[in-house]
Amino acid sequence: MAAAYYKKPRLRDVALRRLILVVSLTLSGVLLLVYLFGSNPASINDVARDLVENLGNVDDDDAYRRDLKVAKGFISLPNQNDLSLKMEKLNALPPRNLDLYPNLSKDRIIVVLYVHNRPLYLKIVIDSLSQVAGINETLLIVSHDGYFEDMNKIIDGIRFCQVKQIFAPYSPHLFLDTFPGVSAHDCKDKDVASQKHCEGNPDQYGNHRSPRIVSLKHHWWWMMNTVWDGLRETRKHEGHILFIEEDHFIYPNAYRNLQTLISLKPEKCPDCYAANLAPSDVTSRGEGWASLIAERMGNVGYAFNRTVWKKIHNKAREFCFFDDYNWDITMWATVYPSFGSPVYSLRGSRTSALHFGRCGLHQGQGEKKACIDNGMVNIHVEDADKVPNIASDWSVHIYKNQPGYKAGFKGWGGWGDDRDRHLCLSFSNMYRSTGTSSPL
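Per chain, residue numbering runs from 1 following the sequence as it is written. With pLDDT at 70 or above as the cut-off, local features in this predicted model cover only qualifying residues; side-chain atom pairs require 80 or more to be listed or tallied, and sums for whole chains, interfaces and linings still use all residues. Computation of side-chain values covers all heavy atoms of the structure but excludes hydrogens and water.

The name given to the protein chain in an unreviewed UniProt entry is Alpha-1,6-mannosyl-glycoprotein 2-beta-N-acetylglucosaminyltransferase, with Stylosanthes scabra as the source organism. According to the UniProt record, the Sequence similarities (unreviewed entry) comment for the protein chain is "Belongs to the glycosyltransferase 16 (GT16) protein family." Under the UniProt heading Subcellular location (unreviewed entry), the note attached to the protein chain is "Golgi apparatus membrane". UniProt positions are given in the numbering used here, feature names are shortened, and annotations may be inferred rather than shown by experiment.

Here you go:
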């Protein structure tokens, strides 16, 4: 009997319903943009434009809204302001240039570029990356410490590969009057909290936190946790990820050389944790020998896989409680020594990356203007730097007992505030890792 009462809807009614649905979705999209960018519209016009452009490329919008698996209910993170929330939403957008590079290489080495606010430097490293053979086969992730228009415009111009931007949503530069930025009751310099009735813990030298200094370590640790365990594009990636910075010039043969090093590492140096594009001594251009080099891990163009990341992540407390605002010195002085054996990295004997920066990282975050120089670099790229120059039959020369920061070094300070230490630990617990690990 029920079938007798069923009437097939008329074509006009169906069309009307579809029209109402389209109008509703359009209005919802407009309201969403108003919500996202209701405040500070002049400072983030480019962000709004990018959001509109990229939403059209999302095939599975719900999946991208779940892009970052943040377990906020189980950890203690600062209350976010509007700008912080907007940055977090931008992190969920898909990569750009999917139309130009729809397919990535199966054995790709993802490249992560860690940047601050030095646009002249960023332009140089982006120009160098555009000449790297094989860069179009992989994904470039640019991790920003805050939002800066000049930096964003440079990334907008990238057309040589897929590119995804992520923004540290708890960067001190996004919080003008509350932690992790500067709050009214913070102790300053060498204040004594009990006398000044201020908030904060001094470092081992009696100095209180400087937000623009601590942002260096916060950004690096947030970036590592987000790339390895948070992003949809990378959280199941088991292979190597290459990390570079905005003052690293990358030679045209860097990606192909890195592929060779990674393929040789299991046989040539099974105890090596990573592969490096440059010597650990940033002033060196390499030995020029017909040999591979195993030495302590450097901080210019370093690549490691998920197995190594898990070892690093297991030392989160050591990383977060060591009184030094530099992430790399923290790693050398406390994390690597805790592994129980030398942490070697494999590289070629001729550099494939170059540190050219003269302005310190923290100087790029001044209150009035960014630290800049003339933006000119005089780097001569020779023919040998344009083609792979590592041979598979080379032996390995091992550097032992190299000078540098080691276990026992107490740190340069700047990282004594309990709030910074616990925020760092919260970054360690933001995401739930998935997948299995590959061998070193």
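So that's the structure; there's more coming.
Caption draft 1: Representation of the overall build of the protein chain. A tally of helices and strands in the protein chain yields 13 helices and eleven strands. Going through the 440 residues of the protein chain one by one, you find that 53% of them count as buried. A separation threshold of at least 6 residues defines the contact pool for the protein chain, and within that pool the share at least 24 residues apart is 82%. Surface exposure here means Shrake-Rupley accessible area, sampled with a 1.4 Å probe, where a residue is shielded only by the protein chains that are shown. Just so you have it, the protein chain exposes about 21,100 Å², and 54% of that area is on carbon and sulfur atoms. To qualify as a helix, a DSSP run of H or I must reach at least 4 residues; to qualify as a strand, a run of E must reach at least 2; elements of each kind are numbered from the N terminus. Relative accessibility thresholds used throughout: buried, under 20% of the residue-type maximum; exposed, over 50%; partly exposed, between the two (1.4 Å probe, protein chains only). Working rule for contacts: check all heavy atoms of both residues, and any pair within 4.5 Å makes them a contact.

Caption draft 2: Geometry of the packing of aromatic side chains. Stacked, tilted and edge-to-face are the three classes assigned to paired rings of Phe, Tyr and Trp, where Trp is represented by its six-membered ring and a pair needs centres within 6.5 Å; plane angles under 30 degrees give stacked, over 60 edge-to-face, the rest tilted. Under the defined criterion, the tally for this structure stands at 20 aromatic pairs. Where Trp221 meets Trp309, the ring centres are 5.6 Å apart and the plane angle is 55°; that geometry is what we call tilted. Of this pair, Trp221 sits in helix H8 (residues 211-229) while Trp309 sits in helix H10 (residues 306-313); the two residues are 88 residues apart in sequence, bridging distant segments of the chain. An aromatic cluster of three or more residues is present, and its members are Trp220, Trp221, Trp228, Phe243, Tyr302, Phe304, Trp309, Phe319 and Trp327.

Caption draft 3: Region of interest: the packing of helix H5 (residues 119-129) against helix H6 (residues 149-156). Relative orientation of the contacting elements H5 and H6 amounts to 15°, with a least axis distance of 9 Å. The orientation of H5 with respect to H6, classified from their angle, is roughly parallel. Here H5 and H6 pass one another in a crossing that is right-handed. Contacts from Pro119, Leu122, Lys123 and Ile126 of H5 reach H6 at Asp150, Met151, Ile154 and Ile155. When residue character is reported, Ala, Val, Leu, Ile, Met, Phe, Trp, Tyr, Cys and Pro are called nonpolar, Asp, Glu, Lys and Arg charged, and the others, Gly included, polar. Here the contact of H5 with H6 is composed, by residue class, of six nonpolar, no polar and two charged. Orientation is described by lines fitted to C-alpha atoms, with helices fitted over the stretch in contact, and by angles between N-to-C directions that extend from 0 to 180 degrees. Should an angle fall under 35 degrees it is called roughly parallel, over 145 degrees roughly antiparallel, and 65 to 115 degrees roughly perpendicular, with every other angle called oblique. If you view the pair so one helix is near and one far, a crossing is left-handed when the near helix is turned anticlockwise from the far one by less than a right angle, and right-handed when it is turned clockwise.

Caption draft 4: Focus on H8. An ideal rise of 1.5 Å per residue puts 27 Å on 19 residues; H8 measures up with 26 Å between its terminal C-alpha atoms. Within H8, the axis deviates most sharply at Lys217, by approximately 25°. An expected span of 1.5 Å times one less than the residue number is assigned to each helix. The term bend refers to the angle at a residue between two fitted axes, each drawn through seven residues, those ending there and those starting there.

Caption draft 5: How the structure looks around the confidence of the model for the protein chain. pLDDT is a residue-level measure of predictor confidence that goes from 0 to 100. A residue-level look at the protein chain finds 77% of positions with pLDDT of 70 or above and a mean pLDDT of 84. The low-confidence segment residues 25-66, where pLDDT is below 50, has 51 contacts with residues more than four positions distant or belonging to other chains.

Caption draft 6: Representation of the pairing of strand E9 (residues 344-347) in the model. Neither face of E9 is left uncovered, since the one carrying Tyr344 and Leu346 and the one carrying Ser345 and Arg347 both have all their residues buried. Pairing analysis gives three bridges linking strand E6 (residues 272-276) to E9, with the strands arranged parallel. Within the sheet, the bridge partner assigned to Ala274 lies in E9 and is Ser345. Sheet topology note: the strand E7 (residues 292-296)/E9 ladder contains four bridges and is antiparallel. When the sheet's bridge partners are listed, Glu295 is paired in E9 with Ser345. Two strands pair if DSSP finds at least two bridges between them.

Caption draft 7: Focus on unusual backbone geometry. Of the consecutive residues Phe179 and Pro180, the connecting peptide bond is found in the cis state with omega at 10°. A positive phi angle is found at Asp189, which is not glycine, with a value near 50°. Mapped onto the elements of the fold, Asp189 is located in the loop between strand E3 (162-167) and helix H7 (193-196).

Caption draft 8: How the structure looks around the nonpolar core. Core analysis: the biggest nonpolar cluster contains 57 residues, and Trp220, Trp221, Met223, Met224, Phe243, Phe304 and Phe319 have the highest contact counts within it. Examining the composition of this core, we find that ten residues originate from one element, H8, more than from any other. Judged by nonpolar contacts, the second largest core, of 42 residues, contains Leu122, Val125, Leu261 and Ala303. Here, the term nonpolar core denotes a set of buried Ala, Val, Leu, Ile, Met, Phe, Trp, Tyr and Cys residues that are joined through side-chain atoms within 4.5 Å.

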